[in-house]
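Examination of the molecular architecture
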Amino acid sequence: MPLTRFRRWLAMAAAVFAGAAGLLYLFRAPALAAAAGAALRQAGASDIRLTVAQASPWRVELADIGFRYSLRELSARRVSLARAHWWTPSLGSVRIEQARVVALVPSARVTAPAAPARPGGPAVGVPMLRIPAEEISIDGQLVVRAGALPEQTLTVKLDARLNAKKEWEGRVQAGAPGLRLTGEAGYAPAERSLHFRVTGTALDLKPWQEFARGLLNLPGGPWEMEGRLTGTAEGRMVGGDWQAAARVQLRDGAARQSGGGNIVASGIEADLEFDHLEHWHSLPAQSLRVRELRTGQLVVSDIQAEFAVAGLDRLEITALSAATLGGRISAEPFRVNPGGGTLEATLLADGIDVEQVLAVTHDVPAQARGRVNGRLPIRIDASGLRLGTGWLQLKPGVSAEVRFNANGLLTHGLSPTAASYAVMQKLESGLLRLRLNELRLEIYPPNSPAGRTAQLHLVGEPVDPGIKAPVTLDLNVNGPLEKLLNVGLDSRLSLGQKH
C-alpha cells in the first residue's frame, strides 16, 4: 500500500477510535447505569432504580439506589467506588452510605428449625465468592418487620478489608433503643470457610417486649417483660459443616401477666450456654432462678430450676423447686413448648402448712394447723390454672388440728337424736377443736361429675380430753377447686357433707 494511502487509513482509524472514546465518555453515565442494572437483574433483583452521580476510571458514584431481592427491600443513598489504579480488575474501595435493608419475619409464632440433613445428603456450604474489591464500608439501617407489629430499626456499621493472605476480615456494630451488638467475622475464599464472633450483646427487654410477644406464645400469656440480656457467640462454617455456640445471661428480670391476669414474677436470673446454636440446642443443667412469684394471695419464693433447650419448640425441665406456704414444692421432670401457650407439670408438696393454705383461700369455714405432703398435676393455659387428679395428706408422724365455723356443716341430714349429734354441733359451731390423726384431700379434674371436684377425709377426736368421741368425716368440695384459691378469680365454693 502506498505510504500516502496508509497514512490516510491510519488517520481514519484514529478518528474512529477518538470518536468512540468521546462517545463513551459523553454517554458513560447511561452506559454505567445500564451495566449496573443488568448486573443486579442477573443476580435476581427486581424493581431496580439508580442514578450515576460520577463516573471516571478512578471513581464511580451511584446515588438513590433501590431494588427488591427475595422478600427484602434494599436501598442506599450513595455507593462510591475509589480505585488507585484504573487498569487493575478491582473495584478498589467500596463505600455504601445510608443503606436500608428491610427484613420480613413471619408474623406466626416461632416454629422449630428444619431438621439437619442426614449423613450422605446434599450439604449446603459456603459459596466461593470472589469479591472484586480491597475494602468495603457500609453504614445504614436494618429494618425488621413482623406482621402488624411496629418496625424495629437497627443502625449498622460494617468495615471489612482484604488482608495479606487474601482473606476478608471485618467488624460490625449494631444498635437500637435498648440494643447494642458488636462482632467480627472472617471469610477465606480459598478454603470456603466463614467464621464469626459476637464479642458483646446487651439487650433491654422492655423496649422489645411487644416484638417478642408477637413471636412467642408463652403459657398464660400475654406477658409484660423486662430485664437485661447479655451474651457472646461464635461460629464457623467450613464446606457444609456449620457449628455455632453462644452464652447468654439474664439479670434483673421481671414478668407480669397482662390482659387481666395477675401473675407477677420478680428477680429473674438465668445462665444459658448453647453448644449447637444452629439447632437451638443447649448443654444440660442450665440455670434459672426467680426470687419471687405472686398470684393473688399466693407467694412462691426461691424458685430454682435446671433445664435444657432441645429446639425452639422444646424445653426440658429436669429439676424445679421452690418455697411456699411454709414448706417446699418440687416438680417431676417435664417438657414445655415455649411457643405453645400451655404448661403441664406435676408438683410435689413437702411440709406445706395447712394454716397458710387456708389463709389464701376464699371464705373457707374452718381454721386448721398442721403440715401436709402431696402430689398435684397442674395445667396453665389461656384459660388459667387447672388441677388434675392429685392429693394432699397429713405428713407422717405429724398431727393436726381443725376448728370449723359453719353451723349445719356437719349436722345437716343428721338426726338430732343421734348419739353424735351434740358433738357434731359443737364441732361445726367452733366450740370444739378436732385433733386429726388422718387428713387426706383427694383432688379431681374439672370435668369430673358434680360433687366430685375434691373430697376431704378427716379422722380424729375432740381436743377436749373430757369428750371421748372418735370422729370420721368425709366432706365434698362442690365446684372447681382452682377457684377456691384466692388467685384473683371471683367464684365461691360450698362444702357439703358425705355420709
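**Side note on the overall build of the protein chain**
When helices and strands are counted, the protein chain shows five helices and 28 strands. By the burial criterion, 35% of the 499 residues in the protein chain qualify as buried. Total accessible area on the protein chain stands at roughly 28,400 Å², and carbon and sulfur atoms take up 58% of it.

**Some details on the side chain of Glu 278**
Checked against the element boundaries, Glu 278 lands in the loop between strand E12 (263–276) and strand E13 (281–282). Of the side chains bearing the opposite charge, Arg 247 lies closest to the buried Glu 278, which forms no salt bridge; the N-O distance is 12 Å. Polar contacts involving the side chain of Glu 278 include one to the main-chain amide nitrogen of Ala 244, which spans 3.1 Å. If sequence neighbours within four positions are ignored, Glu 278 has contacts with Trp 242, Gln 243 and Ala 244.

**A closer look at helix H5 (residues 421–429)**
When H5 is considered as a whole, its buried residues turn out to be Tyr 421, Val 423, Met 424, Leu 427 and Glu 428. Projected down its long axis, H5 carries its buried residues within an arc of 160 degrees, all on one side. Looking one or two residues beyond H5, the residue adopting positive phi is Gly 430, at roughly 90 degrees.

**Examining the confidence of the model for the protein chain**
For the protein chain, the average pLDDT comes to 80, and 79% of its residues sit at 70 or higher. Confidence drops under pLDDT 50 across residues 5–27; counting only partners more than four residues distant or on other chains, this segment forms two contacts. Taken as a whole, residues 107–123 scores under 50 in pLDDT and shows 19 contacts with residues more than four places along the chain or in a different chain.

**Focus on the environment of Arg 386**
Here Arg 386 lies in strand E22 (residues 384–387). With a relative accessible area of 29%, Arg 386 lands in the partly exposed category.

**Structural notes on the nonpolar core**
As a rule of thumb, nonpolar side chains are buried together in soluble globular proteins. Within the largest apolar cluster, 64 residues are counted, with the highest numbers of intra-cluster contacts made by Val 402, Phe 404, Leu 410, Leu 427, Leu 434, Leu 436 and Leu 473. Per element, the largest residue contribution to this core is six residues, and it comes from E12.

**Some words on the pattern of salt bridges**
Summed over the entire model, instances satisfying the criterion amount to 24 salt bridges. The partner of Asp 159 in a salt bridge is Lys 157, and the shortest N-O contact between them spans 3.9 Å. On the basis of relative accessibility, which here comes to 35%, the residue Lys 157 falls in the partly exposed class. Counted as one network, the salt bridges with shared partners bring together Arg 251, Glu 269, Asp 271 and Arg 289.

**Structural notes on the pairing of E12**
Summarising the sheet, strand E11 (residues 241–257) and E12 pair through nine bridges and their orientation is antiparallel. For Arg 256, the partnering residue across the bridge sits in E12 and is Val 264. Where E12 lies against strand E14 (residues 286–295), eight bridges are found, and the strand directions are antiparallel. Residue pairing across strands places Ile 263 opposite Thr 295, the latter belonging to E14. Strand direction decides the pairing type here: E12 and E13, joined by two bridges, are antiparallel. Bridged to His 276 within E13 is His 281.

**Overview of the packing of aromatic side chains**
Taken as a whole and assessed by the stated rule, the structure comprises two aromatic pairs. A ring pair is formed by Phe 196 and Trp 242, whose centres lie 5.8 Å apart and whose planes are at 25 degrees; its orientation type is stacked. With a gap of 46 residues between them, Phe 196 in strand E9 (residues 193–204) and Trp 242 in strand E11 connect regions that are remote in the sequence. Seen from their ring centres, Phe 274 and Trp 280 are 4.9 Å apart, and the 40 degrees between their planes marks the pair as tilted.

**Let's talk about unusual backbone geometry**
Its identity as a non-glycine residue notwithstanding, Asp 64 has a phi of 50 degrees, on the positive side. You can see Asp 64 is positioned in strand E2 (residues 59–69). Despite not being glycine, Ala 285 has its phi angle at roughly 60 degrees, a positive value.

**Things to note about the pairing of strand E4 (residues 93–105)**
For a regular strand, the rule is simple: side chains alternate between the two faces of the sheet. Here strand E3 (residues 72–82) runs beside E4; their pairing, made up of eight bridges, is antiparallel. Within the sheet, the bridge partner assigned to Leu 81 lies in E4 and is Val 94. Bridge count between E4 and strand E5 (residues 135–146): 11 bridges; the pairing is parallel. Within the sheet, the bridge partner assigned to Ser 93 lies in E5 and is Glu 135.

**Quick notes on the environment of Leu 410**
Among the secondary structure elements, Leu 410 is positioned in the loop between strand E24 (400–404) and H5. For Leu 410, a relative accessible area of 0% corresponds to the buried category. In this structure, the C-alpha to C-alpha distance between Leu 410 and Leu 473, residues 63 residues apart in sequence, is 8.4 Å.

**Considerations on the environment of Lys 165**
Among the structural elements, Lys 165 can be located in the loop between strand E6 (152–162) and strand E7 (168–176). Look at Lys 165 and you get exposed, because its relative accessible area is 67%. Along the primary structure Lys 165 and Ala 188 are separated by 23 residues, whereas in three dimensions their C-alpha atoms are 8.8 Å apart.

Calculation criteria
Sequence order sets the numbering: in each chain, residues are counted from 1 along the sequence as written. For this predicted model, a pLDDT threshold of at least 70 governs which residues receive local features, and a threshold of 80 or more governs which side-chain atom pairs are given and counted, while totals over whole chains, interfaces and linings are taken from all residues. Hydrogen atoms and water are omitted, and side-chain values are computed over all heavy atoms in the structure. Per the convention used, a helix needs a DSSP run of H or I reaching at least four residues, while a strand needs a run of E reaching at least two, with both numbered from the N terminus. A 1.4 Å probe rolled over the protein chains alone gives each residue an accessible area, and that area as a share of the maximum for its type sets the label: buried under 20%, exposed over 50%, partly exposed in between. What sets the accessible areas is the Shrake-Rupley method with a 1.4 Å probe; for residues, cover comes only from the shown protein chains. Neither His nor the chain ends is counted toward charge; the positive residues are Lys and Arg and the negative residues Asp and Glu. For salt bridges, the criterion is a side-chain nitrogen of Lys or Arg within 4 Å of an Asp or Glu carboxyl oxygen. By the criterion applied in these results, polar contacts are pairs of N or O atoms within 3.5 Å in which, for protein atoms, one can donate a hydrogen and the other can accept it, and in which residues neighboring in sequence qualify only through two side-chain atoms. When checking whether two residues touch, look at their non-hydrogen atoms; a contact exists if any pair is within 4.5 Å. For this quantity, the arc is that covered by the directions from the helix axis to the C-beta atoms. Confidence of the predictor in every single residue is expressed as pLDDT, which spans 0 to 100. By convention a nonpolar core is built from buried Ala, Val, Leu, Ile, Met, Phe, Trp, Tyr and Cys residues, the set being connected through side-chain atoms within 4.5 Å. By the convention used here, strands pair only if DSSP detects at least 2 bridges between them. Geometry of aromatic contacts follows a simple scheme: Phe, Tyr and Trp rings, the Trp one being its six-membered ring, pair when their centres are within 6.5 Å, and the pair is stacked under 30 degrees between planes, edge-to-face over 60, tilted otherwise.

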